[in-house]
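Structural overview for review
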Amino acid sequence: MSPRRKEKRVVALAGAAALVAVGLNLAFSAVAARRRRKRQELPGFTAQVNLSATEINRLADRIIAKSKETYDAVAAVPLDKVSFANAIAPLTELDAQQFPLVQACLLPRMVSPSADVCRASAEAEKRLDSHFLLCRQREDVYRVVKAFTERGERIGPEATRFVQCLVREFERNGAKLTQTKRKEMEKLRSHIDDLNLKYIQNVSDLTKFLLLSEEELAGMPLEFLKDLEETDGKRKVLLTSYHVTPILEHCKVGSTRKLIAVAYGQKGGKQNVAILEKLVQIRHRLARLLGYSNYSDFAIEPRMPMTSRKVLEFLEEMSEQLSDLANRELGLLKDLKMKEEGDAQFGMEDLLYYMKRAEQHKVDLDIGEIKRYFPVQLVISGMLKMFQDLFALRFEEIKDVEVWHDTVRLFSVWDASSSDHMGYFFLDIFSREGKYGHTCVVALQNGCLCSNGTHKVPVAVLLSQCPKEFDGNSALLRFPEVVRIFHEFSHVVHHISNRATFSRFSGLRLEGDFAEIPSLLLENWCYESVSLKMMSGFHQDITKSVTSEAYQSLKRRRDMFAGLKLKQEILLCLVDQIIHTSEDVDINDLIKDLHPKVMLGIPLLEGTSPASCFPRIAVGYDAVCYSYIWSEVFAADLFATKFKDDLLNQHAGLRFRNKVLAPGGSKDPLEIITDYLGREPSLQPFIQSRTRNTL
């Protein structure tokens, strides 16, 4: 799931990372008991699906009650008698036992056709989130865990990492603060939530629009114009990306593009800049309250770079390395503008339009024609075969089991060489009313070793909104949809490959920077002939796969103007990092200073501030906007070093599965990547890959 494209597509749902209760003896209803009996033939699978609204409410009650009981028991351990057995083991078992139960409460919100079930699931999510937050703030439990760390009991490396993560989670949630400071922390967080909501409301305002004549919209496709509401002989253009982006890409009138770009850049207005500045101040106060020098260090501490200084160095080096490429790209665009509009200054409003014009000239690609080569069922079957071949896996579909909709399919996963059972995954890929609208992965059960010696195997759910079959013919996917499903299924394989002992270190509960690296690596297979042919076939004759010329055009289209596109992203990442690192930064002044430096002299559009209409910097990715670029760089190095010359090398795939995917979060991710590469990762493969195909 990416900052660029969406709300992030991997969903390890809220509350999933919480510590949960041990020794559950839940008395499910007769219906639930029958469901369990149906699953007796699915070894290691204890997750519940298709619960009713009443069952969800009761299960949430029992999760909370048993969780509180376990925390109370740990808190009661005398500090001079703490041990792994009485202080830590109950919490590891707690997580292992209750994670699938929590997910059973939360999944229905995304998939159930019943409004009552969806409401019950959403309400359970709020209750469980609130409860788990209180758990992570319990000073009495924190004291016991902290006392254990001071005793020096010898435990294994994965257990040591679990304890370190546990302590960090408690401390980041204020468990070591005094009661007065904890109340202050809660007020700050509440204030942050209020300001976040106001910022998003301003950005999401659907009442702002411009009225433009058809002459002012020259170059726009007829289908686009027909969709615009007509008012007083003009077309109503909403200031949403749905309207703004197509105009910036296709409108031939430079003054219209500038008018639209300025209006969109002012959408959040001075109000949102003021909100963001206030947010930054409060975040710094929160970070200092928790013992950090600034908010960025607080946000980045649990991630791969660990410090804001390393992120700033990374972004500055990326910007510098991309400058030559971006300058060449900009020169090409300026030449195109000169030919079309004469000697006019090149502005930010021109970027998308002339990128699109250059693409039309240099990439021979008919998007409508390409779509005909990607029938849904063929894409899915080819994708499954490719992952099986590359990673030495075997997928077996399981029939006649209970699922939440008749279009959902369940697969069991086996190691092809050892025949070891590895886990399960559900495919819920077809669109239906009321279902979650984005492609993503949900962890339904984490792989782990329970205290009684039994194993729980990983279980994942891939959700998407693919079109259904029509008149017996398989529906067709646009190529970006193919890439998106492929990316998300990579997360499924990452989750299933997990061999960590503790549920806490599942493949979908990793540091945000690390979680995306395998999927971004595997996206490369969507642009290579040998794998693309496995997933494509002309809808009227599936023996005819995508041509070599077509896949080369797809790759060239992906990489065109990568330098300029990344420069824009780096600019916003630098703003995000600087304001969350420094005190009392004037955001508008900062952007005015940075913009021409990063964007090769292109001036900021007068009267606009990207900070007023950039939700990631305010909500969800505050101080970590860098993460996606970071993950792309690591993925590019892995691809160039280990896979590029032999895409279906099973030996390389199996080694990657065992060395990178299997540990999950049980080891330091930078250590995992460095050990696998045999050196520290480098920027150069990423720069070279984008430079090679850009122009």
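Examining the overall build of the protein chain
- For the protein chain, the count of helices and strands is 29 helices and eleven strands.
- Taken over C-alpha atoms, the radius of gyration comes to 26 Å for the protein chain, in line with the 26 Å a tight globule of 695 residues would show.
- A principal-axis box enclosing the C-alpha atoms of the protein chain has dimensions of 80 × 65 × 55 Å.
- Scored against the burial criterion, the 695 residues of the protein chain give a buried share of 56%.
- Roughly 29,400 Å² of accessible area belongs to the protein chain as shown, and the carbon and sulfur atoms make up 49% of that amount.
- With 95 positive and 92 negative side-chain charges, the protein chain shows a separation of 3 Å between the mean positions of the two kinds.

Comments concerning the packing of helix H3 (residues 84-106) against helix H7 (residues 157-172)
- Relative orientation of the contacting elements H3 and H7 amounts to 80°, with a least axis distance of 11 Å. With respect to H7, the axis of H3 lies roughly perpendicular. Listed contacts from H7 to Phe-84, Ile-88, Leu-91 and Thr-92 of H3 are Ala-159, Phe-162, Val-163 and Leu-166.
- The residue inventory of the contact of H3 with H7, partitioned by class, reads seven nonpolar, one polar and no charged.

Some points on the pattern of salt bridges
- Going through the model one piece at a time under the given rule, you end up with 37 salt bridges.
- Measuring nitrogen to oxygen at the nearest pair gives 2.5 Å for the salt bridge that ties Lys-337 to Asp-350. Separated by 13 residues along the polypeptide, Lys-337 in helix H14 (residues 308-341) and Asp-350 in the loop between H14 and helix H15 (351-362) bring together distant segments of the chain. With respect to class, Lys-337 is no different from Asp-350; both count as buried.
- The network of salt bridges with common partners includes Lys-68, Asp-72, Arg-138 and Asp-140.

Some points on the sheet that holds strand S3 (residues 230-231)
- The strand order across the open sheet built from three strands is S2-S4-S3, with neighbouring strands paired in antiparallel fashion. The open sheet has two edge strands, strand S2 (209-212) and S3, and neither has a second partner.
- Sheet strands touched by helix H11 (residues 254-265): S2 and strand S4 (234-238). Its angle to S2, the strand with the most contacts, is close to 165°.

Section: the packing of aromatic side chains
- Considering all chains together, one arrives at 30 aromatic pairs under this definition.
- When the centroid spacing of 6.2 Å and the interplanar angle of 85° are considered together, the rings of Tyr-626 and Trp-630 count as edge-to-face. Here the two residues Tyr-626 and Trp-630 agree in accessibility, since each one is buried.
- Connected via pairs of aromatic rings, a cluster forms that spans Phe-387, Phe-391, Phe-395, Phe-411, Phe-425, Phe-486, Phe-489, Trp-525, Phe-639, Phe-643, Phe-656 and Tyr-676.
- The positively charged end of Arg-283 is found above the aromatic ring belonging to Tyr-295, 5.8 Å away from the centroid.
- Above the ring of Tyr-676, the side-chain terminus of Lys-642 is found at 5.3 Å from the ring centroid.

A word on the pairing of S2
- In S2, alternate side chains face the same way, and those of Leu-210 and Leu-212 are buried while those of Phe-209 and Leu-211 on the opposite face are not.
- Judged from the four bridges that link them, S2 and S4 form a sheet pairing that is antiparallel. Bridging from a neighbouring strand, Leu-210 pairs with Val-237 of S4.

What to know about the environment of Glu-528
- If you trace the backbone, Glu-528 turns up in the loop between helix H20 (517-523) and helix H21 (529-532).
- Between the alpha carbons of Glu-528 and Tyr-551 there is a distance of 6.7 Å; along the sequence they are 23 residues apart.
- The contacts of Glu-528, once residues within four sequence positions are left out, are Tyr-551, Lys-555, Phe-639 and Leu-647.

So, the pairing of strand S11 (residues 459-466)
- Most of S11 sits out of view: seven of its eight residues are buried.
- Two strands pair when backbone bridges link them, and strand S7 (residues 421-430) and S11 are joined in this way by six bridges, in the parallel orientation. Paired with Asp-428 across the bridge in S11 is Leu-463.
- Pairing of strand S8 (residues 440-445) with S11, which is carried by five bridges, proceeds in the antiparallel orientation. Paired with Val-442 across the two strands is Val-461, which belongs to S11.

As for helix H10 (residues 241-250)
- Buried residues of H10: His-243, Val-244, Pro-246, Ile-247 and Leu-248, and no others.
- Contacts from the buried residues of H10 go to helix H9 (222-227), S4, H11 and H15.

Remarks on empty space enclosed by the protein
- In this structure, the largest cavity spans a volume of roughly 70 Å³.
- In terms of lining, the largest cavity is formed by Gln-48, Val-49, Asn-50, Leu-51, Ala-104, Leu-107, Pro-108, Val-111, Ser-112, Val-117 and Trp-404.
- By residue class, the composition of the lining of the largest cavity is eight nonpolar, three polar and no charged.

Topic: the packing of helix H26 (residues 627-643) against helix H28 (residues 669-677)
- Viewed as axis vectors pointing N to C, H26 and H28 meet at an angle of 25°, and their least axial separation amounts to 11 Å. Here H26 lies roughly parallel to H28, going by the angle between them. With respect to the hand of their crossing, H26 and H28 are arranged in left-handed fashion. Where H26 approaches H28, its residues Phe-634, Asp-637, Leu-638, Thr-641, Lys-642 and Phe-643 are matched on the opposing element by Leu-670, Ile-673, Tyr-676 and Leu-677.
- Looking at the contact of H26 with H28 residue by residue, the class counts come to seven nonpolar, one polar and two charged.

Focus: the confidence of the model for the protein chain
- When pLDDT is averaged along the protein chain, the result is 90, and 93% of the positions lie at 70 or above.
- Counting interchain partners and residues more than four positions distant, the pLDDT-below-50 stretch residues 1-40 has 129 contacts.

Calculation criteria
- Residues numbered from 1 in each chain as written.
- Predicted model: local features only at pLDDT ≥ 70, side-chain atom pairs only at ≥ 80, totals over all residues.
- Heavy atoms only, no water.
- Helix = DSSP H or I, 4+ residues; strand = E, 2+ residues; numbered from the N terminus.
- Rg over C-alpha atoms; globule rule 2.2 N^0.38 Å.
- Buried < 20%, exposed > 50% of the residue type's maximum accessible area, 1.4 Å probe, protein only.
- Areas by Shrake-Rupley, 256 points an atom, 1.4 Å probe, with all protein chains shown as cover.
- Lys, Arg positive; Asp, Glu negative; His and termini not counted.
- Charge placed at Lys NZ, Arg CZ, Asp CG, Glu CD.
- Axes fitted to C-alpha atoms, helices over the stretch in contact; angles between N-to-C directions.
- Parallel < 35°, antiparallel > 145°, perpendicular 65-115°, else oblique.
- Contact = heavy atoms within 4.5 Å.
- Nonpolar A, V, L, I, M, F, W, Y, C, P; charged D, E, K, R; others polar.
- Salt bridge = Lys/Arg side-chain N within 4 Å of Asp/Glu carboxyl O.
- Pairing = 2+ DSSP bridges.
- Phe/Tyr/Trp six-rings, centres within 6.5 Å; stacked < 30°, edge-to-face > 60°.
- Lys NZ or Arg CZ within 6 Å of the ring centre and 35° of its normal.
- 1 Å grid on protein atoms, 1.4 Å probe; cavity = no way out; pocket = protein on both sides within 12 Å on 5 of 7 lines; lining within 4 Å.
- Points joined across faces, edges and corners; volume = space filled by probe spheres on them.
- Left-handed = near helix turned anticlockwise from the far one by under 90°.
- pLDDT = per-residue confidence, 0-100.

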